[in-house]
Amino acid sequence: MTTIKAIARQLKVSPSTVSRALQDNPRIGQKTRDAVRELAAQLHYTPSQTARNLRSGKTSVFAMVLPEIRENFFSEVVNGVEELAFQHHYSVALYQSHDSYEREQQILSMLTRNQVDGVMLSVAKESQQFGHIQHLIDRGVPLVLFDRIPPHINTHQVGCDMEKGAYDATKWLSGQGFRRIALLNGPYPLVASEDRYRGYIRALIEEKLPVENALVKRVDLTTDDTSRKMTQLIESAHRPDAVLAFNDYVALDAMQVCRRQGLRINEDISFVSFANLPLTAYMDQSPLASVEQHPYQIGHKAVEILLSLNDLSSGASADDFQRVVLNPQLVVRLP
């Protein structure tokens, strides 16, 4: 690779003169600036990003840690992140925890040693202790938590109002005439599960519908566990006529169970879910509705926050934590 020193030797000037000329510094005469740029072009000189990073103390890299890139929700978040980061000449390093607490710890430990200009994190399903997250913050690394946001962590956050999403979905089901609405919720450690539960219960109470523990099942988000819990709901003495599912994947697994049991989807039993997967629009028997969580906008906003923290002229403070909550949208697909 051609270096500034090589250009300086050929032109018999100092490396600092070449550096200033390449930056169009008016302290360097126009003739010298033209000569430097011409030779640099001939030699295909490319500025060293490593050298720039050393001078500025910045890497122009954001790290993103999420459970599973294969989930449509998270891939859409990545799209939002990359689009804005690319516009501002930042690279994005992507890491998957695969919902493992230990793997998430290892990734964040590595990121505290290898300098990045900011981290975006959606916590793993297994994570119930968050000392590794606090350690990252204590080391001065800008952090934005998104979607799966643990409680009591003072840092920047971007998410969607899942309590309102569950409330709106349950109220809508009641308005469609459903009287026994079950909840296939996510695992307990996820704050998003508790948000859904609160919204669901609040809507049931307002609509004067039965609030029964037997109608609420927690699943670990695997197909096998969802199948077991849906079978329990179907075989109960008073089967639900509608189910609010944690996300579209849970709904699709539960619907398969119903079909195997001879139930007609959207006739004998109906579903509403979260995530609004594009593929459900092509299904003959899709959930009646799905809560849109705006993943692209979540990723976009997370990068906006990190950019403001890395822009000294923005006046943003690392300790002035931003909490962005997007409004969900119930997307109805009546048969």
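Just so you know, these numbers come straight off a predicted model, no measurement behind them.

Caption draft 1: The arrangement of the environment of Leu-190 in detail. When you line up the elements, Leu-190 lands in the loop between strand E6 (181–185) and helix H9 (191–206). Taking the C-alpha atoms as reference points, Leu-190 and Ala-124, separated by 66 residues in sequence, lie 8.7 Å from one another. For Leu-190, the contacting residues outside a window of four places in its chain are Lys-125, Arg-148, Leu-221 and Phe-246.

Caption draft 2: Quick look at the nonpolar core. Ranked by size, the top nonpolar core spans 66 residues in total, and within it Met-120, Met-230 and Phe-271 carry the most contacts. Core analysis: the next-biggest nonpolar cluster, separate from the first, contains 18 residues, Leu-108, Leu-136, Ile-137 and Ile-149 among them.

Caption draft 3: Highlighting the sheet that holds strand E9 (residues 270–274). Spatially, the 6 strands line up as an open sheet ordered E7-E6-E8-E9-E10-E12, and their pairing is mixed. Two strands bound the open sheet, and with one partner strand each, they are strand E7 (216–218) and strand E12 (329–332). Each neighbouring strand pair of the sheet contributes to a mean axis angle of 20°, computed without reference to strand direction. In the sheet, E6 pairs with strand E8 (residues 242–245) via 4 bridges, with the strands oriented parallel. Each bridged residue has a counterpart across the sheet, and for Ile-181 the counterpart in E8 is Ala-242. Strands in contact with helix H8 (residues 162–175) are E6, E8, E9, strand E10 (289–292) and E12; relative to E9, the strand with the most contacts, it is inclined by about 165°. Helix-sheet contacts for H9 involve E6, E7, E8 and E9, and the interaxial angle to E6 is about 170°.

Here is what the cut-offs are and how they apply
Every residue gets a number counted from 1 within its own chain, in the order that chain's sequence is written. Only residues with pLDDT of at least 70 get local features here, since the model is predicted, and only at 80 or more are side-chain atom pairs given and counted; chain-wide, interface and lining totals rely on the full set of residues. Hydrogens and waters are ignored; side-chain quantities use all the structure's heavy atoms. Counting from the N terminus, the helices are DSSP H or I runs at least four residues long and the strands are E runs at least two residues long. Residue contacts are counted whenever heavy atoms from the two residues lie within 4.5 Å of one another. For this analysis, a nonpolar core means a set of buried residues of the types Ala, Val, Leu, Ile, Met, Phe, Trp, Tyr and Cys, connected via side-chain atoms within 4.5 Å. Think of it in three bands: with a 1.4 Å probe and only protein chains considered, a residue is buried below 20% of the maximum accessible area for its type, exposed above 50%, and partly exposed in between. For two strands to count as paired, DSSP must find a minimum of two bridges between them. Axis geometry follows a simple rule: fit a line to the C-alpha atoms, using only the stretch in contact for helices, then measure angles between N-to-C directions, giving values from 0 to 180 degrees.

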